[in-house]
Amino acid sequence: MEKKEYDAVILGGGLAGLMAANIVAAAGFSVAVVSKVFPTRSHSAAAEGGIAAYMMGNSDPNDDPDFMSYDEVKGGDYLVDQDAAELLSKKSGEIVSLLDAWGAPFNRQPDGRIALRYFGGQTYPRTRFIADKTGMALLHTLFEHSTGFKNIEYYNEYYVLDIVKEGNNVNGLVAMEMKTLNPIYLKSRALLIASGGIGMMYKHTTNSYINTGDGQGIALRSGVALKDPEFVQFHPTGLYPSDILISEAARAEGAILKNNKGERFMAKYAPHKFDLAPRDIVSRSMTIEIREGRGFEGGYLGLDLRHLGKKYIIERLALAYDAAKNFSGVDASEEMIPVRPAQHYFMGGIDVDTTGTNHDLNGIFSAGESACVSVHGANRLGSNSLLETVVYGRETGNTMVEFLKTHKNVETNSNVEPIIDAAYAYIKRETGEHFGVLTEELRDIMWDNVGIFRDNDKLAEAVSKIKDLRVRARSMYVTDKTSNYNTELFNALETRNMLDVAYTMATAALNRKETRGAHFRDDFPERDDKNWMKHTITYLAGDEVKISYKPVTYTRWKPEVRVY
Amino acid sequence: MKVAYYPGCASHGIAKDVDIATQLIAKDLDLELMEVDDWNCCGGGFMDDKNEAVHASLNLRNLEKVEKMGYDKMATPCSVCLNSHKVAADKYENDPVLKEDVDQRLKDANMEEYDNGVESEHFIWVLIRDVGIENIRKHVKRPLTGIKIGTYYGCQLLRPSNVMGFESAFNPHSVMDLVAATGATPVAFPMKTACCGFPLMGSNPPVALKMANNILSSARNEGSEMLVHPCSLCHLQLDVTQDKIQRQFKQDWRLPALYITQLIGLSFGYTPKQLGMSKGSIEYLRSRGIS
Amino acid sequence: MEEKEITVNIKKYNDKDGAFWKSYKLKADKYTQMTEVLRRIKSEQDPSLAYRASCHMAVCGSCSMKINGIPSLACRTIALQAVDEKNEINVESMDYYPGVRDLITDIDVFYDKMYKVMPRLIADESVLMGENEQRMTPENQTEVWKFQECIYCGLCVSACPSVKEDEQFLGPAAHAKGFRFIDDVRDTKKSERLDLLMDSAYRCTSCYMCYEVCPQDVQPVIAIKKTKNYLDQYKGNTPITIMARKHDDTVENLIETTGKIKESTLFLKTFGFGEAMRDAIDMLKSGKFKYAFEKDSNVKNMNEIKNMMGEKK
């Protein structure tokens, strides 16, 4: 088997991974970036609306970073670690300047400075944007910047199998070249997991097909904890019926949600912020409207852009306009866009501190959606995911540089054969369960039972069903026996990861007996700060999810009632 | 019916036969071709490489002349001239920075801002839409029955389709419909919409000739005896230039290439000579009993 | 929602069996994207079907393939809009790139071309040190963004006739990428970039195929033409650019002095006496030599032409 050695291996070629890769490589260390897709295909590309930033001298004169942190803390329903939020706000301006220096073509004001606009949950406008393809433009910027480094090697279309450990130290990972199914052992003392989200385990998701929780899955199997996995964001405006994201930018630019009576129903649920209330609130309100019969046939609501005028829509919301036109056959300048909530973001993730370090395993780091720092708490605000990927991508990159300076690669090679055998077992097995059946069942369970509205019965059922699916997955097999870009095998491996992650999510959701942010319990509809102002920490131990807690870090904001 | 007519430099130069044939069949079809007053070269394919604003200005000047003549359409037999005028008008409408530059140039030349009042069209669009295939068929005195004609479209007539607008860029049938009207058998071939390579003749002739040869070979492989195309510059590339291609690729065959109105003219009863054809084409047609 | 049964014919390929067509029947409604069609075929009928797909919203550039012979993104293609009168759709992998498995091709050659154009902004040192901020007009941003919108899908290169015949041509996407940096006021490497791009630009045949197939409306051919606009500022010389310079200067000169092009003069000035004579002999043989002396009238109002062609405003 092929073996290569690097200082650092980075799993994931999205924004967080590439930012860290650029930082680590600039310090002179060798980096391997491993991704199951070419980096520009990463899900970061799908982020539309923008990146929030307080920029000194180029922000609302009344704004300051503290307002921004406050918005994050309140938006996240006080589960946010406030030191993490403050760091995020403080570094937001300089990170946007850095992206600008690396070539990101931000939209401009007439005087040539970077333009800005409002997004949901913001006290003052802070969102910087590149048309409505901000994520794509930033991803390309970071990827293209990285092509200037000779010490970054890309393993594109390599699928990660598992983390390699030696005692309590990271000793690299094992991946498989997708084209040939040849395994490769990439040895390193530092491993960054920046593999993005988990959306494909939900029936309705705005996420890419590739978002299957691979990083979280391999972390759990290596004894690394997930923090707050019960917190999943549902975006209010998934396009009906394809669930393609219609960016929050649409509402930021003035679009209005309407029910089948033509009412601006958000006035009822968020009398101050209306349609720009945080996403958990808007998604729940929409679900109530639909549930109570005020949706359109098929179960959707209308997003009305018509009053903005065709020219403005095409100029500022090109992607939303095109998406509605191409994927729902609706001309948004003449008709309302049909929308419904869909899974969008995973607030939970690999448990790391504000330096991006995980403390379960020596040498393991995480950043971006796969990590939980936590800056988003119980609900993420729009424009903060891109910000998190680059700010914490850089913080973590810097942490890794320090780590690499003071640590040496583990001398011995670990025995990685069991990892490879486990993957090949799916091909060798002639009968058993097929990944397609298991995945579809999982997607239904997660959507129906671990969705926007939750309760004890639904969650208990979910836990038991997923437990059963995990047992069945042990006899998973693939019909395609070739080693020639066998995508069926990778789908099976993805299913294994999704099941492991889903199991912790459902268990943690059942465990948290309160409502907070995106975690809404019909049976416990109030926030319970006395008992639940704490992070859930979950470990996967065989068939069992072990739950413990960590305190939330406070700096200056006391919990208050969350109204918008 | 009167039609504003932009012949283009090539058809008034070494592709004169394009103009000759077009004028002949237009007369038969009661199309009065009104040559654009004091027209200038559109610079198609080259001037925009030098300077986009100059290129656009040159094209808009022609369109303004057409407007002054009282027409809202301008027909040209040349796909490159067509593409040039259409793309220039499109850029002028959609690129405010370019428009500013162009407007200044028009002003310097004592001309007005262009109000997009004239549509550029290919002569074959006029034939199909205004004259009509049935009507053309009525004028056929000598059906070209049994002759297999490779129907070639090339690039500039079709692309970009959102600007050109007449037919699908991938499944066009205008040339095929016209060929069928003459009684000949149209032959579709894989490379019917590929580029003939002419634009590369001014910078990279070996590759240009290779592309031309690809077209000819593809048509021949599908059984074509001759090739018909809709463009003055394809005509330069595929007709006389075949001698060069033969030399470069050491080929012992030729595929005579006609401009579309030359083929229509043949079916209307004109002789190959009257239609200004090259010797190779004349000889081949004679061998097929047509003179 | 109303559904229709469709037949999807897919050209499959693997190392062992080579290429073969296989048909699948399934139901689709008026919103069903081809990516969803493929996903359902894979999960319900043929798990071995291999294709790439990620974002299903036309920003990741994964699902490039030929649908009914047209280079397309599967996600941008709605099944019921693509079917023919028999409700069939043909799907195959992109041209040009070596096949790997079914709809998956190896597009490394595409990436290699992208890497060749130094696809990254090199800002001024003072900006990188944080001492200076960069400004950029909204107009400049708009143009840069237009050419930056490329999603690396590879469709333009798969359909480009010049790329197939000329290894030294960088291809449409790389040119759009390269020009995006030439055009960016924040970049400091304009002359290096012209060195990388100018020769290749004149290997483009301006056939607008890239413009046609680009799912992002990047219009790479326009980027190539805009690059050629810098020929006067370009200091280098290659056989290609020397010839192009002669040719284009002659065109410009002819238009400036007569308002029209005389192909015979153009041939003579571009190819030189020897080659032009060979052309003349070909013309003689063809009986078309007489056309070389066709003398069209010059434009009468040459003042209009001259004033329009004046310096760049």
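Residues numbered from 1 in each chain as written. Chains lettered and ligands numbered in written order. Predicted model: local features only at pLDDT ≥ 70, side-chain atom pairs only at ≥ 80, totals over all residues. Heavy atoms only, no water.

Colleague: Tell me what's going on with the domain arrangement of chain A, and back it up with residues and numbers.
Modeller: By a frequent convention, interface size equals the accessible area lost on bringing the separate parts together. All names here are of chain A. Domain boundaries assigned for chain A yield domain 1 (2-231 + 347-406), domain 2 (236-343) and domain 3 (417-537). Here the C-alpha centre of domain 2 lies 28 Å away from the C-alpha centre of domain 1. In this complex, domain 1 contributes 25 residues to the contact, which on the side of domain 2 involves 21 residues. Of all residues in domain 1, Glu48, His204 and Thr206 give up the largest surface area on contact with domain 2, accounting jointly for 28% of the area buried on that side. At the surface where domain 1 touches domain 2, the tally comes to one salt bridge. For glutamate 253, the salt bridge is made with arginine 117, and the minimal N-O distance between the two is 2.7 Å. There are twelve residue pairs in polar contact (both at pLDDT 80 or more) connecting domain 1 and domain 2. Tallied by class, the residues present in the side of domain 1 that touches domain 2 amount to seven nonpolar, twelve polar and six charged. (Domains from an automatic or database assignment. Contact = heavy atoms within 4.5 Å. Buried area = accessible area lost by both parts, 1.4 Å probe. Salt bridge = Lys/Arg side-chain N within 4 Å of Asp/Glu carboxyl O. Polar contact = N/O pair within 3.5 Å; in protein donor to acceptor, adjacent residues only side chain to side chain. Nonpolar A, V, L, I, M, F, W, Y, C, P; charged D, E, K, R; others polar.)

Colleague: Give me the lowdown on the sheet that holds strand β21 (residues 534-541) of chain A, citing residues and values where you can.
Modeller: Residues and elements named next belong to chain A. Judged by pairing direction, the sheet is mixed, and its five strands sit side by side in the order β18-β16-β11-β21-β22 without closing on themselves. On the outer flanks of this sheet lie β18 (371-372) and β22 (544-551), each paired with one strand and no other. Two strands pair when backbone bridges link them, and strand β11 (residues 226-227) and strand β16 (residues 349-351) are joined in this way by two bridges, in the antiparallel orientation. Counterpart to lysine 227 in the pairing with β16 is glycine 349. Together, β11, β16 and β21 form the strand contacts of helix α6 (residues 214-221), whose direction differs from that of β16 by roughly 40°. (Pairing = 2+ DSSP bridges. Helix = DSSP H or I, 4+ residues; strand = E, 2+ residues; numbered from the N terminus. Axes fitted to C-alpha atoms, helices over the stretch in contact; angles between N-to-C directions.)

Colleague: Hey, could you go over the environment of asparagine 132 of chain C for me, with residue numbers and the actual values?
Modeller: All names here are of chain C. Locating asparagine 132 in the fold gives a position in the loop between α4 (125-128) and α5 (138-148). Along the sequence, asparagine 132 and methionine 1 sit 131 residues apart, while their C-alpha atoms lie 57 Å from each other. Asparagine 132 has contacts with Ser126 and Val127, leaving out every residue within four places of it along the chain. In this structure the side chain of asparagine 132 is engaged in a polar contact, spanning 3.0 Å, whose partner is the side chain of serine 126.

Colleague: I'd like a description of the pairing of strand β5 (residues 148-151) of chain B, backed by residues and values.
Modeller: Residue and element names in this part refer to chain B. In this structure, β5 lies alongside strand β6 (residues 185-187), joined through three bridges in parallel fashion. Following the sheet pairing, glycine 150 is matched in β6 by valine 187. Pairing geometry for β5 and strand β7 (residues 226-229), over three bridges, is parallel. Opposite glycine 150, over in β7, you have leucine 227 as the bridge partner.

Colleague: Account for the side chain of serine 48 of chain C, with residues named and values stated.
Modeller: Relative to the elements of secondary structure, serine 48 of chain C occurs in the loop between α1 (34-45) and β3 (64-67). Assessed through its relative accessible area of 15%, serine 48 of chain C is described here as buried. Only 3.0 Å separates the side chain of serine 48 of chain C from the side chain of lysine 12 of chain C, close enough to count as a polar contact. Filtering out sequence-adjacent residues up to four positions away, serine 48 of chain C remains in contact with Asp480, Thr487 and Glu488 of chain A together with Lys12, Lys42, Arg101 and Asp102 of chain C. (Buried < 20%, exposed > 50% of the residue type's maximum accessible area, 1.4 Å probe, protein only.)

Colleague: Mind laying out the nonpolar core, listing which residues take part and the relevant values?
Modeller: Grouped together as the largest cluster of nonpolar side chains are 390 residues, with contacts concentrated most on Met201 and Tyr202 of chain A together with Leu127 and Leu227 of chain B. For this core, the element with the highest residue contribution is helix α16 (residues 487-511) of chain A, accounting for twelve residues. In this structure, methionine 201 of chain A is in contact with Leu442, Arg443, Met446, Met498, Val501, Ala502 and Met505 of chain A, ignoring residues within four places of it in sequence. Core analysis: the second largest hydrophobic core is formed by 14 residues, Val73, Tyr78, Ala378 and Ala518 of chain A among them. (Core = buried A, V, L, I, M, F, W, Y, C linked by side-chain atoms within 4.5 Å.)

Colleague: I'd love a proper account of the arrangement of the chains, names of residues and values included.
Modeller: By number of contacts, the leading pair among the two pairs of chains in contact is chains B and C. Between chain A and chain B there is no contact; the minimum C-alpha to C-alpha separation amounts to 12 Å.

Colleague: Which residues make up the domain arrangement of chain B, and what values go with them?
Modeller: Residue and element names in this part refer to chain B. One can read the domain layout of chain B as domain 1 (2-122) and domain 2 (141-287). In this assembly, 24 residues from domain 1 lie in contact with 26 residues from domain 2. Approximately 2200 Å² of surface area, both sides summed, lies buried where domain 1 meets domain 2, with 70% of it carried by carbon and sulfur atoms. Joining domain 1 to domain 2, the criterion identifies zero salt bridges. At the boundary of domain 1 and domain 2, one finds nine residue pairs in polar contact (both at pLDDT 80 or more). Broken down by secondary-structure element, the contributors of at least two residues to the side of domain 1 that touches domain 2 are α1 (16-28) and α4 (79-94). No other element matches α1, which puts eight residues into the side of domain 1 that touches domain 2. For the side of domain 1 that touches domain 2, a count of residues per class yields 15 nonpolar, five polar and four charged.

Colleague: Which residues make up a nonpolar patch on the surface, and what values do they have?
Modeller: All names here are of chain C. On the surface, Leu268, Phe273 and Met277 cluster together into a nonpolar patch covering about 290 Å² of accessible area. Here phenylalanine 273 lies in helix α13 (residues 263-286). Assessed through its relative accessible area of 58%, phenylalanine 273 is described here as exposed. (Patch = residues over 30% accessible without salt bridge, like charges linked within 9 Å, V, L, I, M, F, W, Y side chains within 5 Å. Areas by Shrake-Rupley, 256 points an atom, 1.4 Å probe, with all protein chains shown as cover.)

Colleague: Lay out the sheet that holds strand β8 (residues 257-259) of chain B in plain terms, naming residues and giving numbers.
Modeller: All names here are of chain B. Taken together, the four strands give an open sheet; going across it, the order is β6-β5-β7-β8, and neighbouring strands pair in parallel fashion. Only two strands of the sheet have a single partner each, and these edge strands are β6 and β8. Across the sheet, the axes of successive neighbouring strands diverge by a mean angle of 35°, strand direction being ignored. Sitting on the sheet, helix α13 (residues 260-267) is in contact with β5, β7 and β8, with an inclination near 85° to β8.

Colleague: An account of the interface of chain B and chain C is requested, with residue identities and associated values reported.
Modeller: Of the residues lining the interface, 75 residues belong to chain B; the matching set on chain C comes to 67 residues. The junction of chain B with chain C conceals about 6000 Å² of combined surface from both sides, 57% of it contributed by carbon and sulfur atoms. Broken down residue by residue, the surface that chain B buries against chain C is led by Ile14, Lys50 and Phe170 of chain B, which jointly contribute 13%. Summed over the shared surface of chain B and chain C, the number is 15 salt bridges. Notably, a salt bridge pairs glutamate 275 of chain C with lysine 244 of chain B, separated by 3.0 Å at the nearest N-O pair.

Colleague: Pulling in residues and values, what's your account of the pairing of strand β15 (residues 337-346) of chain A?
Modeller: All names here are of chain A. Within β15, ten of the ten residues are buried, which leaves the element mostly enclosed by the surrounding structure. Relative to β15, strand β12 (residues 232-239) runs antiparallel, the two being bridged by six bridges. Residue pairing across strands places glycine 238 opposite arginine 340, the latter belonging to β15. Relative to β15, strand β14 (residues 301-304) runs antiparallel, the two being bridged by three bridges.

Colleague: Would you mind going over the packing of aromatic side chains in detail, with residue names and values included?
Modeller: If you walk through the whole model with that rule in mind, you get 28 aromatic pairs over all chains. Taking 6.0 Å as the distance between ring centres and 85° as the angle between the ring planes, the aromatic pair formed by tyrosine 6 of chain A and tyrosine 155 of chain A counts as edge-to-face. A residue pair is termed long-range when its members are at least 10 positions apart, and tyrosine 6 of chain A in the loop between β1 (2-5) and β2 (8-11) and tyrosine 155 of chain A in strand β6 (residues 152-156) qualify at 149 residues. Given the relative accessible area of 5%, tyrosine 6 of chain A is considered buried. The buried category is assigned to tyrosine 155 of chain A, whose relative accessible area is 6%. Considering the side-chain rings of phenylalanine 110 of chain C and tyrosine 111 of chain C, the 5.9 Å spacing of their centres and the 75° angle between planes classify their relative orientation as edge-to-face. Judged on exposure class, the residue phenylalanine 110 of chain C and its partner tyrosine 111 of chain C are both buried. These aromatic residues form a ring-pair network of at least three members: Phe38, Phe143 and Tyr154 of chain A together with Phe110, Tyr111, Tyr115 and Tyr152 of chain C. Sitting over the ring of tryptophan 532 of chain A, lysine 534 of chain A keeps its end group 5.0 Å from the ring centre. Directly above the ring of phenylalanine 271 of chain C sits lysine 244 of chain B, whose terminal nitrogen or CZ lies 5.1 Å from the centroid. (Phe/Tyr/Trp six-rings, centres within 6.5 Å; stacked < 30°, edge-to-face > 60°. Lys NZ or Arg CZ within 6 Å of the ring centre and 35° of its normal.)

Colleague: Describe the interface of chain C and chain A, and please don't skip the residues or the numbers.
Modeller: Each side of the interface is counted separately: chain C has 61 residues, and chain A has 58 residues. Buried area between chain C and chain A, summed over both chains or domains, comes out near 5100 Å², and the portion from carbon and sulfur atoms is 55%. There are eight salt bridges connecting chain C and chain A. Across the salt bridge formed by aspartate 480 of chain A and arginine 101 of chain C, the nearest N and O atoms sit 2.8 Å from each other. Connecting chain C to chain A are 34 residue pairs in polar contact (both at pLDDT 80 or more). Elements supplying a minimum of two residues to the side of chain C that touches chain A: α1, β6 (99-101), α3 (108-115), α4, α5 and α8 (172-182) of chain C. Across the side of chain C that touches chain A, the residue classes break down as 32 nonpolar, 14 polar and 15 charged.

Colleague: Outline the state of the cysteines, supporting the account with residue identities and numerical values.
Modeller: All names here are of chain C. Scanning the model with the defined rule gives zero disulfides over all chains in all. Of all cysteine sulfurs, the one in cysteine 210 lies closest to cysteine 156, which takes part in no disulfide; the gap is 6.3 Å. What makes cysteine 156 buried here is its relative accessible area of 9%. With no disulfide partner, cysteine 214 has as its closest neighbouring cysteine sulfur the one in cysteine 153, 6.4 Å distant. Exposure remark for cysteine 214: the relative accessible area of 17% places this residue in the buried category. (Disulfide = S-S within 2.5 Å.)

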